[in-house]
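Breakdown of the fold
So the chains spell out like this:
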Amino acid sequence: MVNLKRLKRRVAFCLFAFFLLFPIEAVASRLDWLILPAFDRAERFSGGYAAVEVSGLWGYIDARGNWLKSPVLKVAGPFREGLAFVQTESGWGFIDGSGEFAISPYYEAASSFSEGLAPVRIDGKWGYIDRQGSLVIPAAFDRAGEFSQGRAAVAMSGGHGFLDRNGDWIVPPRHGRAWPFVEERAALHDGDRIGFVDLEGEWVIPPGFDSNSQGSVFSSGLASVAHLGRWGFIDRDGHWVVEPVYDAAQSFSEGRAAVRRGQRWGFISTSGQLEIAAVFEDAMSFSYGIASVKYAGRWGYVDGRGAWVSDPIYIEAWPFSEGLAAARDSNGRWGYLGWKVSPLFDAAFDYAGPFLDGLAVVGIQGRKYFMNEQGRLAFAASFDEAKGFSEGLAAVSYGGKWGYIDKAGELRIPFSFDAAWPFSEGLAAVRVGNRVGYIDSQGNIVIRPAFGVPAGGAEPGPFSEGLAAVLSNNRTGFIDSRGRVVIRAAFAPWTADAPRFNSGRAFVGTRNGPRYIGRNGRVLQAGSDSRELSPPTFALIMPFRSESGGWGYADYAGRIVIPPIFDAAFPFQENRAVVMRNDLWWYIAKP
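Attention here is on the structure that accompanies the text. (Residues numbered from 1 in each chain as written. Predicted model: local features only at pLDDT ≥ 70, side-chain atom pairs only at ≥ 80, totals over all residues. Heavy atoms only, no water.)

**Some remarks on the overall build of the chain**
A count of helices and strands for the chain gives three helices and 57 strands. Classification of the 591 residues of the chain by burial places 49% in the buried group. Expressed as a percentage of contacts within the chain between residues at least 6 apart in sequence, the contacts between residues at least 24 apart total 35%. Within the structure as shown, the chain displays about 27100 Å² of accessible surface, and the carbon and sulfur contribution to it stands at 48%. (Helix = DSSP H or I, 4+ residues; strand = E, 2+ residues; numbered from the N terminus. Buried < 20%, exposed > 50% of the residue type's maximum accessible area, 1.4 Å probe, protein only. Contact = heavy atoms within 4.5 Å. Areas by Shrake-Rupley, 256 points an atom, 1.4 Å probe, with all protein chains shown as cover.)

So, in structure tokens, the structure goes:
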């Protein structure tokens, strides 16, 4: 048996002193530069990339600031439906997420794809192409807008109207202006007044509002319109919900709309209540719970209460998109702001594991240590390898063998196994030779090593609801806590997380693909038990990988909470998550 006191003396004193003396607290959420100001101009993120200008030419970066396309373009549009319009010396075309041309730069002008079609200009007239570059609506229009709800606003012979996707007229081109369809309504000029039509092109709100140059579209069931020079909001039937008392008004976003009285902007709710006082020189829409506003000549960000999230220090600042906001610093350079993603601890690690039972495994100079929630070493011992704590014990290795320690760092189960895994329901999987068995918390072998070792570094099955997945003849079955086969080995072997029972069902591989099985081993049929077939419950914020390869976090609705700025990101456990960037590992707090 290895003398644990001798192990403890292996710890370098400087490392121990660092963690002992410098516990680190979480940093309050504020905005910070996630991509440093380095550009002459910067557009919003869309489809995982943003167009930026350097020395008069445009390129694209991803959320980590890496170039997708170096700045060689004359014009660079946003990515929509996986493609972005660009202009080169040869003309206008479309690039894809690899930065290469998907549609050659052949056109005189182009705009973004929407609903599978994009406007392009050929011989002075606009038409529409599909994603293969085929002209599906002939180039016959003076102007052409993007499709929305199956309709697009176009201009022809001096008048505006709407087309459907077949190129047929929904509204003939005889109106002064036309705005996009949103929430099944579109604004149209009729003479010197504005009204709204439905998807069939019929008037549902008669023209009775002031003509103006600002787009009137519905959002949250309301649209901003002017009457006798004053602005308010109507519902989809044309009734006033917010009386026209303002000098200007923007569309609603996230339940708030910017309105102006005199020379100052504030924000109202959908009921018309003033929620943020009109004290700003200018304002933009809410996005991600905050809005950019101008105060004392500079731009900053406020939350829904009107409290500053970031002081007004920017020359320009745009709303958030995909977790990042383009802003211009005091030196005139553009970069991207995001919620400050600061390490919880001052140190970065060679390796970092999740917090389990209040402790986490970290790697420093090739050794594994245990760190507590204050950023201190929990005890001095270091190990060759280590796994997280579970049920008060952690598997650790030294000299090629594995054993278990307690939270004080004391050896409780000797180094006698070839591999070992965390405890679950009082039992832990261990490997002896090339077979897997299970021990109890005293180190006694309860289920003899008789099962196969999962391939590809996957872990043996932990016990859950009294059963554990095991491999026999390279097939998956389940045993109970006494080692008796409860479900015979008839399913595909696992290569990632081992299948486990949850609410009476487990997800396994069958000849017909992945399926849920019950505790009797039978495949559950759709509709037989909706509770058993319901998907597992996931945390509301989960890691995701962007098309550019970066990792970030999104909520249950798919909204990006932390942009994909990491090289790796793992789920939050105990309100902390492990992330990796530039080969260094660190911890962040749950937003």
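**Thoughts on empty space enclosed by the protein**
Here the structure, examined in full by the defined rule, presents one cavity of 30 Å³ or more. Taken as a whole, the largest cavity encloses approximately 30 Å³ of empty space. Contributing to the lining of the largest cavity are Val-436, Tyr-438, Phe-451, Gly-452, Pro-460, Gly-461, Ala-469, Val-470, Leu-471 and Trp-494. The element that contributes the greatest number of residues to the lining of the largest cavity is strand S47 (residues 467–472), accounting for three residues. (1 Å grid on protein atoms, 1.4 Å probe; cavity = no way out; pocket = protein on both sides within 12 Å on 5 of 7 lines; lining within 4 Å. Points joined across faces, edges and corners; volume = space filled by probe spheres on them.)

**A word on the packing of aromatic side chains**
Counted by the stated rule, this structure contains 35 aromatic pairs. Relative to Phe-79, the ring of Tyr-49 lies with its centre 5.2 Å away and its plane at 45 degrees, an arrangement referred to as tilted. Taken together, the positions of Tyr-49 in strand S3 (residues 49–54) and Phe-79 in strand S6 (residues 75–80) put the pair 30 residues apart, joining distant regions of the chain. Each member of the pair, Tyr-49 as well as Phe-79, is classed as buried. When the centroid spacing of 5.1 Å and the interplanar angle of 65 degrees are considered together, the rings of Tyr-404 and Phe-423 count as edge-to-face. (Phe/Tyr/Trp six-rings, centres within 6.5 Å; stacked < 30°, edge-to-face > 60°.)

**Details of the environment of Trp-334**
Checked against the element boundaries, Trp-334 lands in strand S35 (residues 334–339). For Trp-334, a relative accessible area of 1% puts it in the buried group. Sequence separation between Trp-334 and Leu-524 is 190 residues; the distance between their C-alpha atoms is 55 Å. Leave out the neighbours within four places in its chain, and Trp-334 touches Leu-36, Pro-37, Ala-38, Phe-39, Asp-40, Arg-41, Ala-42, Glu-316, Trp-318, Ala-326, Ala-327 and Arg-328.

**So, the sheet that holds strand S36 (residues 351–352)**
One open sheet holds the three strands; their spatial order is S36-S37-S38, and the pairing between them is antiparallel. Two strands bound the open sheet, and with one partner strand each, they are S36 and strand S38 (367–372). Two strands pair when backbone bridges link them, and S36 and strand S37 (residues 359–364) are joined in this way by two bridges, in the antiparallel orientation. Each bridged residue has a counterpart across the sheet, and for Ala-352 the counterpart in S37 is Val-362. (Pairing = 2+ DSSP bridges.)

**Section: the sheet that holds strand S33 (residues 316–317)**
An order of S1-S35-S34-S33 is seen for the four strands of this open sheet, with the pairing classed as antiparallel. Each having just a single partner strand, strand S1 (31–39) and S33 make up the two edges of the open sheet.

**Focus on the pairing of strand S52 (residues 541–545)**
Note that S52 and strand S53 (residues 551–555) share five bridges and pair antiparallel. For Phe-544, the partnering residue across the bridge sits in S53 and is Gly-552. Remark: five residues form the turn of the hairpin made by S52 and S53, two consecutive strands paired antiparallel; Gly-549 in that turn has positive phi of roughly 100 degrees.

**Observations regarding a negative patch on the surface**
A grouping of Asp-357, Glu-391, Glu-425, Glu-465 and Glu-574 is seen on the molecular surface, where their side chains present a negatively charged patch. With respect to the element layout, Glu-574 can be found in the loop between strand S55 (568–569) and strand S56 (576–581). Accessibility expressed as a relative area gives 34% for Glu-574, which makes it partly exposed. (Patch = residues over 30% accessible without salt bridge, like charges linked within 9 Å, V, L, I, M, F, W, Y side chains within 5 Å. Salt bridge = Lys/Arg side-chain N within 4 Å of Asp/Glu carboxyl O. Lys, Arg positive; Asp, Glu negative; His and termini not counted. Charge placed at Lys NZ, Arg CZ, Asp CG, Glu CD.)

**With respect to the side chain of His-160**
Among the structural elements, His-160 can be located in strand S16 (residues 159–164). If sequence neighbours within four positions are ignored, His-160 has contacts with Arg-143, Val-154, Ala-155, Pro-172, Pro-173, Arg-174, His-175, Gly-176, Arg-177 and Ala-178.

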